[in-house]
Amino acid sequence: MTGTTTPTLTSDALPDVTAPSEPAAGAGRGLARRTRLLDHLAITLPVLILAGMGWHRRWITDDGLIYVRAARQILAGNGPVYSPGERVETSTGTLWQWLLVLLDAFVPGDPTRVAVYAGLVLSVAGLWLALSGTRRLLRAETGRVLVPAGALVLVALPPVWDFATSGLETGLLVAWIGLSWWLLVGGDPRAWSTRYRLGVAAVFGLGFLIRPELAATALVFLIALILVSGSGRRAVVAMFLAAGALPLAYQVFRMGFYGLPYPMPAVAKSATRLYWGRGWDYLLDVDRPYRLWMPTLLILAVVALLLLRRRPRERRTSIVGAAPVVAALVQALYVVGVGGDFMHGRMWVPVLVLILLPALLVPVDRRAAAVLVLVPVWAVWCGVSLRSGLTTTDGPRPGVYQTWNERMVYVNWTRTTNPTTSYAHSETLPGLRAELFRMDAQGRHLLVLDGNHLSAAGGVPPLPLRPEVRAAEGLVMGRLGVGGVVTPLSGIVVDVWGLSNTVGAHIERTQHVAAGHEKLLPLAWNVALYVDPAAWSQIPPNAASPEDIRAARAALDCGDLKELVRSTTEPMTPGRFLRNLTGSFDRARLTIPADPKAAERKFCRR
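A quick note: this is a predicted structure, and the numbers were derived from the prediction, not measured.

> If you had to explain the overall build of the protein to someone new, which residues and values would you point to?
When helices and strands are counted, the protein shows 28 helices and 8 strands. The C-alpha radius of gyration of the protein comes to 27 Å, within 12% of the 25 Å expected for a compact globule of 606 residues. Its C-alpha atoms put the protein at 100 × 55 × 45 Å along the principal axes. Scored against the burial criterion, the 606 residues of the protein give a buried share of 58%. At a minimum sequence separation of 6, the contacts of the protein that also span at least 24 residues come to 75%. Surface summary for the protein: the accessible area is close to 24900 Å², and the carbon and sulfur share equals 63%.

> Summarise the side chain of Ser180; cite the residues concerned and give the values.
With respect to the helices and strands, Ser180 occurs in helix α7 (residues 170-184). According to the relative accessible area criterion, Ser180 is buried, its value standing at 0%.

> Describe in detail the state of the cysteines, supporting the description with residues and values.
According to the stated counting rule, one finds 1 disulfide in the structure shown. Covalently, Cys558 is tied to Cys604 through a disulfide, its sulfur atoms 2.1 Å apart. Taking the torsion about the sulfur-sulfur bond, which here is approximately 100°, the covalent link between Cys558 and Cys604 counts as right-handed. With Cys558 in the loop between α25 (546-556) and α26 (559-569) and Cys604 in helix α28 (residues 596-604), the pair connects residues that are 46 residues apart, well separated along the chain. Here Cys558 and Cys604 have matching classes, each one buried.

> I'd love a proper account of unusual backbone geometry, names of residues and values included.
Of note, Ser166 is a non-glycine position whose phi angle comes to about 75°, a positive value. With a relative accessible area of 0%, Ser166 lands in the buried category. Even without being a glycine, Arg415 presents a positive backbone phi close to 55°. Mapped onto the elements of the fold, Arg415 is located in the loop between α19 (406-414) and α20 (422-426).

> Describe the pattern of salt bridges, with residues and values.
For the coordinates displayed, the defined rule picks out 22 salt bridges. Between Arg346 and Glu169 there is a salt bridge, and its shortest N-O distance comes to 3.0 Å. Placement of Arg346 in the loop between α15 (315-337) and α16 (348-356) and of Glu169 in the loop between α6 (158-162) and α7 is noted, with a sequence separation of 177 residues between them. Assessed through its relative accessible area of 2%, Glu169 is described here as buried. Between Arg587 and Glu563 there is a salt bridge; the shortest N-O distance is 3.3 Å. Placement of Arg587 in helix α27 (residues 574-589) and of Glu563 in helix α26 is noted, with a sequence separation of 24 residues between them. What emerges from the salt-bridge pattern is a single network uniting Glu169, Arg211, Glu213, Lys269, Asp341 and Arg346.

> Can you tell me about the packing of aromatic side chains, naming the residues and giving the values?
Tallied over the entire structure, the rule returns 12 aromatic pairs. For the ring pair Trp55 and Tyr117, a centre distance of 5.7 Å and an interplane angle of 25° mean the geometry is stacked. Residue Trp55 is located in helix α1 (residues 22-56), and its partner Tyr117 is located in helix α4 (residues 111-139); the two are separated by 62 residues in the primary sequence. According to the relative accessible area criterion, Trp55 is partly exposed, its value standing at 43%. Here Tyr410 and Trp413 contribute two aromatic rings whose centre-to-centre distance is 5.3 Å and whose plane-to-plane angle is 70°, an arrangement assigned as edge-to-face.

> Any details on a nonpolar patch on the surface? Residues and values, ideally.
On the surface, a cluster of nonpolar side chains totalling about 410 Å² of accessible area is made up of Leu37, Leu38, Leu41, Val145 and Val364. Tracing the chain through its elements places Leu38 in helix α1. Classification of Leu38 as partly exposed rests on a relative accessible area of 38%.

> I'd love a proper account of helix α13 (residues 276-290), names of residues and values included.
Here α13 is 15 residues long and its end C-alpha atoms lie 22 Å apart, about the 21 Å a rise of 1.5 Å per residue gives. In the segment just after α13, Arg291 is the residue with positive phi, at about 50°.

> Before we move on, can you summarise α16 with the specific residues and values?
α16 sits mainly inside the fold: 8 of its 9 residues count as buried. Taken together, the buried positions of α16 are Trp348, Val349, Pro350, Val351, Leu352, Val353, Leu354 and Leu356. Against α5 (149-155), α6, α7, α10 (215-229), α13 and α15 lie the buried residues of α16.

What counts, and at which threshold
Residues numbered from 1 in each chain as written. Predicted model: local features only at pLDDT ≥ 70, side-chain atom pairs only at ≥ 80, totals over all residues. Heavy atoms only, no water. Helix = DSSP H or I, 4+ residues; strand = E, 2+ residues; numbered from the N terminus. Rg over C-alpha atoms; globule rule 2.2 N^0.38 Å. Buried < 20%, exposed > 50% of the residue type's maximum accessible area, 1.4 Å probe, protein only. Contact = heavy atoms within 4.5 Å. Areas by Shrake-Rupley, 256 points an atom, 1.4 Å probe, with all protein chains shown as cover. Disulfide = S-S within 2.5 Å. Salt bridge = Lys/Arg side-chain N within 4 Å of Asp/Glu carboxyl O. Phe/Tyr/Trp six-rings, centres within 6.5 Å; stacked < 30°, edge-to-face > 60°. Patch = residues over 30% accessible without salt bridge, like charges linked within 9 Å, V, L, I, M, F, W, Y side chains within 5 Å. Expected span 1.5 Å × (residues − 1).

As structure tokens, this is what we get:
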């Protein structure tokens, strides 16, 4: 088969091909038109639901604001950094960051809103591509009416609505999955030209640049393409090269420029370690409020009943249909293994999209009808009434939370139904933006300690920065994205959780709570890194003792820790690039004791 969208009609519906008559031919064409119309309706309904609910719940999270500032730094000519003078990769989604650069260069208005709306457009386009791909696959096998069973499960879930925007890379991720699926099922690869196959392989390879862990999904899609195309050894090598060329080139740049083999958030979250218990909690976290086990069993039952009735006629259909399911299981294993995330439902969106791809549309069958009718019943129930709370999974001790509804947090913080602007977020820190921009205009080389996140340092006036710090001013706080909004691009934003702080990302875990919130950097380190020693005496001892500050400064000038800091702050030269490149994996494994005195003993051998 060639994957044509012409429906395969039943023998009762087909005209007599040996003696065709005009009425019979007309009936066949009418049936084909009705089938296409019903197909378009089955695709349009879930797409409109996602577009409507995504718009209704549009917002941007703090992590989305991180992308926006990184894009603005590039457009300002400062390079792919978050703060001047420090080469730190804060953007996990490389391709999303550069897409925002492109959009912000040509689309007028608030770049924060551009990120929100671009995410929604990509999410909707991705779902449309995914549904169109499933239709392609099924129309090569059956002429039966298709209903959007799996698609209704997807668009009934509030986390899918929330992360259709959010400013994160999720919309681009859904669009990539949809496009990859649409290409994979688009006809018989054996009939494709070599150039077209290589182009499809290159699209698959972009997954790594959207999120590094999507390399596994890209690999599964690529293997499926190789199996159904019957390619020879040289063609297989060429497809792997096409898929890996751009990711490999960027990986070399990443290691040489930033000095690490993966983005800084992965270091801060210890993403190479396994936290199976917390990951299992994260799975239950998305299942509990929406009774997700119900539609899972229903879809599995429908697929099983359909397969019992008739297996796919072509081996190609089985391979292609299995590919996203395998990719979803691998992705789910990764999410559980790394301990999930602190944002409710976020990491499960790509898993759900992948595993539902072959069942986004389902052919109507009498055997499965009784089960199939229950899917929209659950979808309406979920979409209308099933919701999570503000905190969705408690931590190991009272008052500490492991997972929460991130959108609800920012709606409450900003007191805005749809917090889509940088202004809405900056108003959560009243006066701070004006203070920092005033300092910038006056040329004052000062560091501000945000008392909202450093309570022990509350009331401390702005402190002079070290002379060698190249930033015009600085801010130490606990919300990196909002900090990036209120701080001029010429200033440095220091995150106490390590997302933009080289030392903070590498310290040992200081608390066992949510992912990305386990390495709270003691203030002594940031004082030693950025504050002029002449002003150390202004730091309250209960915030950072003089002994800890001195020990931190000593440790920063010793051994591997000294090299770690230099890898991000020394001017970029060919020699620095080569040292960063060759030492990136050792640097990623470096662990710094959170206690400055212990760090001094470790790195200075004292």
